[in-house]
Amino acid sequence: MKIDAIHLREIAMPLAFPFETSFGVTTGRRILLIEIESEGLTAWGECVAGEHPYFSDESIDTAWITTEAELAPRLLNATDLESGGSCPHIFKQVRGHRMAKAALENAVWDLVAQQEDVSLSQLLGGTRKTIPCGVSIGIQPSLNALLETIAKELAAGYQRIKLKCKRGWDVEIFEAVRARWPEILLSCDANSAYRMRDFDHIASWDQFNLLMIEQPLWYDDFYFHSMLQKRIETSICLDESIRNRRDALAAIDMESCRIINIKNGRVGGFSEAIAVHNAAMERGMPVWCGGMLETGIGRAHNIALSSLPNFSLPGDVSASSRYWVDDIIEPEVTVSAAGEITVPTSAGSGYAVRRDRIERLTVRQQTLRAKALVTA
Ligand code: OSB
Ligand code: MG
């Protein structure tokens, strides 16, 4: 297979609602979209790197320069590109930059699904016809605002509520939410807001019957999470710490967690996401699909990934309208009253890209075609 052109594009999209985590507030997103062309077909990928390197060490700007200078030239000049699964090898010389790599690799998978006239879900090995959905609720201006937001999401059918938390926005909210909804599937995500001095404090959350506590400690840690997991009954879920299959194996072996959040971008694309999924499945550990405030392009890819068999817990993959006034795909992603998204069965991702909208949102773009690759 030969890629004829790679288009990089930055779009600016205001979020319908601000999203606050322990590392800050996001009100709008600058997003790098990748479009690849091959033999008359085009396919898209979304880079989930944020505007700032706060969730991971990548940002949209590092992803743009790495894609332009290193990754896109390698993909354009590759002589051994046969499928999305060829990409990790093609990009191997470049260390890290997994979100940048994922945008390109996932576009290749999408392209191959179109070429082979199968759904992306089928190409990835998906088995689910629908996926269970949860929501991630950011830190709110008040406890009342939080309770109203939860009531709205439960009424919409979502199966699991995840609360972003940090010191000063934890026990108080868990108490209030459990007082009103003693039985719902409830979890929290600290995005690394806690330290060893907080172990006793976190142990006190066992009374709230949380499904999991996501990434309470350092973003790059396994060891201290395993110490914490020994001290608490509630399951720890790792997000930031898991960069690849080896990390998943280390975390499982060290008992640093009992659940894994898989994000396409964080692990470098579908190949590694499937590898993490399989490693966890073979060891009896459930996984779920995380979100990065994606547009419909990345969201469609998350839906296909979530159709794999071991994605047995509700993910953070929810309706377009929770993020955007106007999404850039058609149809928009919707969630049923039972809190499920139907996995598309048509060829490719199953969603059409709204090129008119994308054009209007574009702030810069660049096209790369095959040329000589300079290496040391
Ligand atoms: O830690 O899961 C996270 C959003 C941005 C960065 C990190 C995270 C999140 C979310 C939102 O929790 C998930 C979503 O609804 O897309
Ligand atoms: Mg998380």
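Residues numbered from 1 in each chain as written. Chains lettered and ligands numbered in written order. Predicted model: local features only at pLDDT ≥ 70, side-chain atom pairs only at ≥ 80, totals over all residues. Heavy atoms only, no water.

(A) Seen up close, the overall build of the protein. Within the protein, the secondary structure is distributed over 13 helices and 15 strands. For a compact globule of 376 residues, the expected C-alpha radius of gyration is about 21 Å, and the protein comes in at 20 Å, within 12% of that figure. Overall, the protein is about 60 × 40 × 35 Å in size when its C-alpha atoms are taken along their principal axes. Across the 376 residues in the protein, those meeting the buried criterion constitute 58%. A separation threshold of at least 6 residues defines the contact pool for the protein, and within that pool the share at least 24 residues apart is 72%. The positive charge centre, built from 39 side chains, and the negative charge centre, built from 49, are 2 Å apart in the protein. (Helix = DSSP H or I, 4+ residues; strand = E, 2+ residues; numbered from the N terminus. Rg over C-alpha atoms; globule rule 2.2 N^0.38 Å. Buried < 20%, exposed > 50% of the residue type's maximum accessible area, 1.4 Å probe, protein only. Contact = heavy atoms within 4.5 Å. Lys, Arg positive; Asp, Glu negative; His and termini not counted. Charge placed at Lys NZ, Arg CZ, Asp CG, Glu CD.)

(B) Quick peek at the packing of aromatic side chains. Applying the stated criterion across every chain yields a total of seven aromatic pairs. Ring centres 5.4 Å apart and planes at 80 degrees place the aromatic pair Y194 and W205 in the edge-to-face group. Of this pair, Y194 sits in the loop between β7 (185-189) and α7 (199-203) while W205 sits in the loop between α7 and β8 (213-214); the two residues are 11 residues apart in sequence, bridging distant segments of the chain. Since its relative accessible area comes to 0%, Y194 is described here as buried. A relative accessible area of 0% places W205 in the buried class. The lysine or arginine in question, K152, covers the ring of F17, its NZ or CZ lying 4.9 Å from the ring centre. The ring centre of W288 lies 4.9 Å from the NZ or CZ of R160, which sits over that ring. (Phe/Tyr/Trp six-rings, centres within 6.5 Å; stacked < 30°, edge-to-face > 60°. Lys NZ or Arg CZ within 6 Å of the ring centre and 35° of its normal.)

(C) The arrangement of the site of ligand 1 in detail. Around ligand 1, 15 residues are found, and the nearest of them are S136, N191, K263, L293 and Y323. Side-chain polar atom of D189 to an oxygen atom of ligand 1: 3.0 Å apart, as the coordinates give it. Residue Y323 places a side-chain N or O atom 2.4 Å away from an oxygen atom belonging to ligand 1. Starting from 390 Å² of accessible surface for ligand 1 in isolation, the protein chains cover 96%. (Near = heavy atom within 4 Å. Polar contact = N/O pair within 3.5 Å; in protein donor to acceptor, adjacent residues only side chain to side chain. Areas by Shrake-Rupley, 256 points an atom, 1.4 Å probe, with all protein chains shown as cover.)

(D) Broad picture of the domain arrangement of the protein. Under the domain assignment used here, the protein contains domain 1 (5-117 + 354-369) and domain 2 (122-352). Once you take the C-alpha centre of each, domain 1 and domain 2 turn out to be 22 Å apart. Contact residues are listed per partner, giving 40 residues for domain 1 and 48 residues for domain 2. Of the roughly 3600 Å² buried between domain 1 and domain 2, counting both surfaces, carbon and sulfur atoms make up 66%. A per-residue breakdown of the area domain 1 buries against domain 2 is headed by F55, R98 and W109, which together make up 19% of the total. (Domains from an automatic or database assignment. Buried area = accessible area lost by both parts, 1.4 Å probe.)

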